[in-house]
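So you can see what is in the structure, the chains are spelled out below.
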Amino acid sequence: MHRDLSAAIITFHETVARALGMSAPERKTLGVLADMGVVTAGQLASATGLTTGAITGIVDRLEKQGYARRVPNPNDRRSVLIHAQQVEKIREIQGPIFASLTAAMDDLLGHYSAEQRALIMGYLDGTTRVLREQTKKLKP
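Residues numbered from 1 in each chain as written. Predicted model: local features only at pLDDT ≥ 70, side-chain atom pairs only at ≥ 80, totals over all residues. Heavy atoms only, no water.

### Quick notes on the packing of helix α3 (residues 41-48) against helix α4 (residues 52-64)
In the contact formed by α3 and α4, the axes pass within 9 Å of each other and the chain directions differ by 105 degrees. The orientation of α3 with respect to α4, classified from their angle, is roughly perpendicular. Packed against α3, whose contacting residues are A41, G42, L44, A45 and T48, the element α4 presents T52, I55 and V59 at the interface. For the contact of α3 with α4, a count of residues per class yields five nonpolar, three polar and no charged. (Axes fitted to C-alpha atoms, helices over the stretch in contact; angles between N-to-C directions. Helix = DSSP H or I, 4+ residues; strand = E, 2+ residues; numbered from the N terminus. Parallel < 35°, antiparallel > 145°, perpendicular 65-115°, else oblique. Contact = heavy atoms within 4.5 Å. Nonpolar A, V, L, I, M, F, W, Y, C, P; charged D, E, K, R; others polar.)

In structure tokens, the structure reads:
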């Protein structure tokens with residue numbers, strides 16, 4: 001069951017990314033960038049959990065697609081700032097997809113009692129905590 005759920009989540013996010021013409025890590029990075037607006041590569045790497053090397057390649061591709069733009073950092077001439085571009089276009093594409101997902105998930109939760117939902121949410125919160133703890137253990 002858990003493997004099926006993990007596979008379904010990954011497949012969903014990869015399909016959303018393809019709708020935008022990019023890979024799942026590119027879409028993830030673009031989403032973070034759109035939320036943050038303007039960042040350094042280091043900030044983007046930290047926020048996504050990706051390496052700065054991976055971020056460099058992803059931002060290169062996002063720039064080619066018109067979703068990101070690098071500009072010199074006026075406060076540090078050794079770095080650049082990455083600006084999100086076409087944020088409204090991204091939201092127009094992703095909005096209906098995630099609205100549909102939210103509605104379907106709300107419908108699913110409606111089949112459970114308040115006590116059952118509390119139990120499910122407790123499990124999911126615990127799973128999230130465990131995953132974050134295990135992730136921290138793996139980081140240098």
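Right, picking up where we left off after that structure.
### Some details on the pattern of salt bridges
The full count for this structure, using the stated rule, is six salt bridges. Residues D60 and R70 are paired through a salt bridge, measuring 2.8 Å at the closest nitrogen-oxygen approach. Separated by ten residues along the polypeptide, D60 in helix α4 and R70 in strand β2 (residues 68-72) bring together distant segments of the chain. By relative accessible area, which is 33% here, D60 ends up partly exposed. The closest approach of N and O atoms between R70 and E63, which form a salt bridge, is 2.6 Å. Put simply, D60, E63 and R70 are held in one network by salt bridges that share partners. (Salt bridge = Lys/Arg side-chain N within 4 Å of Asp/Glu carboxyl O. Buried < 20%, exposed > 50% of the residue type's maximum accessible area, 1.4 Å probe, protein only.)

### Here's the deal with the nonpolar core
Nonpolar side chains in soluble globular proteins generally cluster together in the buried interior. One finds M22, L30, L33, L44, L62, Y67 and I82 to be the most contacted residues of the largest nonpolar core, which totals 20 residues. At the level of elements, α2 (24-36), α3, α4, β3 (80-84) and α5 (87-109) are the ones that each hand at least two residues to this core. Setting aside chain neighbours within four positions, we find L44 in contact with T29, V32, L33, V39, I55, V59 and I82. (Core = buried A, V, L, I, M, F, W, Y, C linked by side-chain atoms within 4.5 Å.)

### Observations regarding the side chain of T48
Secondary-structure assignment places T48 in helix α3. Reaching out from T48, the side chain makes a polar contact with the backbone oxygen of A45 at a distance of 3.3 Å. (Polar contact = N/O pair within 3.5 Å; in protein donor to acceptor, adjacent residues only side chain to side chain.)

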